[in-house]
Amino acid sequence: MAVISFGSLNMDLVARSPRLPKPGETLTGHFFETIPGGKGANQAVAVARLGIPTQMVGRVGGDGFGRSLLNALQTDGVGCDSVAVDEATHSGVAMIAVDDASENHIIVVPGANGRVGESDVARLSSLLFTAQVLLLQLEVPLPAVVAAAAAAQQAGVLVILDPAPARTDLPNELYSLIDIITPNQVEAAQLVGFSVGDRPAALAAAETLQRRGVKTVVIKLGRQGALCLTAEGAFDVPSFPVQAVDTVAAGDAFNGGLAAAIAQGLALPEATRQAAAVAALSVTKAGAQPSLPSRLSLETFLAATEM
Ligand code: RIB
């Protein structure tokens, strides 16, 4: 069965400079590249590279970036028949400044992603019978996210929500439509209204989200791994130590790895371990979609860590 990602496609405009500019300052950078990204598209590519049939549902603008974004997805085998080309606006862009210490500033201009709505949910609904898992994020309007989750629940499709970028205002009705929510510490703190700096706080945040109606909570704790809370209780999944080069799309890699593992039939502990491995591999390479590993890289990495 397939995985569907419903969400954003962005062209990432990445500039690297020795340090980040101060307000009003102009700096000379030493590197520039356009890299396909967007949380929805990144998650679709992460799943497809692991060999699982994948469809993307969303919108690009009627411009060169839109054509490049679709080409990139198709090259990775992601089905794009349900990505609309919106001639009324530009494709989503993310302007990413990265300094030599890998700190970054990101400005996302939604463009076509900001116009995702009812017609996109209708295209999604007609595909759901083919799917086992629906991946959602928060880079398209919230009403569309809620409608997509409701359609998936009605179709018996497992819903995984990555509540990124962080926001505080998820509608209450969304929580009970989510099977698995996967915030990082910052996103979890925004959702629950208290700091999520350590494992006890992560457990308290997970319990809060569960009380709101989410079935399973997976809190991504970076180098400390992940904390999972299901109806049966909590367990921890360790991270994989790697030399990080660039963390852009690490969260997308995690969610793609999780969805692929569930589509393969793995149980949550093993699926979360696979997700952590995919995320670890992604931070060893620069860029969003270029950093996402293949099935072969994942299996080689997992075999090496078991030796
Ligand atoms: O999660 C990483 C993504 O966030 C980037 O590819 C960028 O497009 C931003 O949306």
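Since this is a predicted model, take the numbers as computed values, not measurements.

Novice: Would you take a moment to explain the overall build of the chain for this structure?
Specialist: When helices and strands are counted, the chain shows 10 helices and 13 strands. Computed over its C-alpha atoms, the radius of gyration of the chain comes to 18 Å, within 12% of the 19 Å expected for a compact globule of 307 residues. Once the C-alpha set of the chain is aligned to its principal axes, its extents read approximately 55 × 40 × 40 Å. Counting across all 307 residues of the chain, residues that qualify as buried make up 55%. When contacts within the chain are restricted to residue pairs at least 6 apart in sequence, those whose partners lie at least 24 apart make up 67%. Summing over all exposed atoms, the chain offers an accessible surface of approximately 12,800 Å²; the carbon and sulfur share of this is 56%. Within the chain, one finds 19 positive and 28 negative side-chain charges whose respective centroids are separated by 1 Å.

Novice: Would you mind showing me how to read the site of the ligand here?
Specialist: Around the ligand sit N10, D12, G37, G38, K39, N42, A94, E139, A249, D252 and A288, and that is every residue in its neighbourhood. At 2.6 Å, a side-chain N or O of D12 approaches an oxygen atom of the ligand. At 2.4 Å from an oxygen atom of the ligand is found a side-chain nitrogen or oxygen belonging to E139. Listed by contribution, the elements that provide at least two residues to the shell around the ligand are strand 2 (10-17) and helix 1 (39-49). When its residues are assigned to classes, the shell around the ligand shows 3 nonpolar, 4 polar and 4 charged.

Novice: I keep staring at a nonpolar patch on the surface and nothing clicks. Help me out?
Specialist: A surface patch of nonpolar side chains, amounting to about 270 Å² of accessible area, comprises M95, I107 and V109. Inspection of the secondary structure assignment puts V109 in strand 7 (residues 104-109).

Novice: Looking at this model, I keep getting lost on the environment of G213. Mind explaining?
Specialist: Mapped onto the elements of the fold, G213 is located in the loop between helix 7 (199-211) and strand 11 (216-220). By relative accessible area, which is 26% here, G213 ends up partly exposed. Along the sequence, G213 and D120 sit 93 residues apart, while their C-alpha atoms lie 26 Å from each other. When near neighbours in sequence (up to four residues on either side) are disregarded, G213 contacts Y175, S176 and I178.

Novice: Just to check I follow, could you spell out the pattern of salt bridges for this structure?
Specialist: Where side chains of opposite charge bring their charged atoms close, a pairing between them can arise. If you walk through the whole model with that rule in mind, you get 13 salt bridges. In this structure, R59 engages D86 in a salt bridge whose closest nitrogen and oxygen atoms are separated by 2.9 Å. With a gap of 27 residues between them, R59 in strand 4 (residues 54-61) and D86 in strand 5 (residues 83-86) connect regions that are remote in the sequence. Overall, R59 belongs to the buried group, its relative accessible area being 12%. The partner of K220 in a salt bridge is D162, and the shortest N-O contact between them spans 3.6 Å. Remark: D162 occurs in the loop between strand 9 (158-161) and helix 5 (172-175) and K220 occurs in strand 11; sequence separation between them is 58 residues. Through salt bridges that share partners, R59, D86, R115, D120 and R123 make up one connected network.

Novice: What exactly am I supposed to notice about the pairing of strand 8 (residues 131-136) here?
Specialist: Across a regular strand the side chains alternate sides, sitting on one face of the sheet and then on the other. The buried fraction of strand 8 amounts to 5 of the 6 residues, a majority that puts the element mostly inside the structure. Of the strand pairs in this sheet, strand 1 (residues 2-6) and strand 8 are connected by 5 bridges, and their pairing is parallel. Across the sheet, residue A2 finds its bridge partner in strand 8, namely A131.

Novice: Is there a simple way to think about the sheet that holds strand 4 in this case?
Specialist: Hydrogen bonding along the main chain pairs the strands of a sheet, whether they run parallel or antiparallel. As summarised here, the arrangement of the 9 strands in space is 5-4-1-8-9-10-11-12-13, forming an open sheet in which the pairing is mixed. The open sheet is flanked by strand 5 and strand 13 (233-237), the only strands paired with a single partner. Across the sheet, helix 2 (residues 64-75) is in contact with strand 4 and strand 5; its angle to strand 4 comes to roughly 170 degrees. The sheet contacts of helix 7 involve strand 10 (180-181), strand 11, strand 12 (226-230) and strand 13, and relative to strand 12 the element is tilted by about 35 degrees.

Novice: Please explain helix 3 (residues 118-127) as it appears in this structure.
Specialist: Every α-helix winds through 3.6 residues per turn, so residues three or four apart in the chain are directed the same way. Every buried residue of helix 3 is accounted for by D120, V121, L124 and L127. The buried side chains of helix 3 occupy one side of the element, clustering within an arc of 115 degrees when seen end-on. Where the residues of helix 3 are buried, they touch strand 1, strand 4, strand 5, strand 8 and helix 4 (142-154).

Novice: Looking at this structure, how should I read the pairing of strand 5?
Specialist: The pairing of strand 4 with strand 5 spans 4 bridges and is parallel. Among the inter-strand pairings, G58 is bridged to a residue of strand 5, identified as V83. Taken together, strand 4, helix 2 and strand 5 form a β-α-β motif whose crossover is right-handed.

Here is what the cut-offs are and how they apply
Residues numbered from 1 in each chain as written. Predicted model: local features only at pLDDT ≥ 70, side-chain atom pairs only at ≥ 80, totals over all residues. Heavy atoms only, no water. Helix = DSSP H or I, 4+ residues; strand = E, 2+ residues; numbered from the N terminus. Rg over C-alpha atoms; globule rule 2.2 N^0.38 Å. Buried < 20%, exposed > 50% of the residue type's maximum accessible area, 1.4 Å probe, protein only. Contact = heavy atoms within 4.5 Å. Areas by Shrake-Rupley, 256 points an atom, 1.4 Å probe, with all protein chains shown as cover. Lys, Arg positive; Asp, Glu negative; His and termini not counted. Charge placed at Lys NZ, Arg CZ, Asp CG, Glu CD. Near = heavy atom within 4 Å. Polar contact = N/O pair within 3.5 Å; in protein donor to acceptor, adjacent residues only side chain to side chain. Nonpolar A, V, L, I, M, F, W, Y, C, P; charged D, E, K, R; others polar. Patch = residues over 30% accessible without salt bridge, like charges linked within 9 Å, V, L, I, M, F, W, Y side chains within 5 Å. Salt bridge = Lys/Arg side-chain N within 4 Å of Asp/Glu carboxyl O. Pairing = 2+ DSSP bridges. Axes fitted to C-alpha atoms, helices over the stretch in contact; angles between N-to-C directions. Arc of directions from axis to C-beta. Right-handed = clockwise from strand over helix to strand, strands pointing away.

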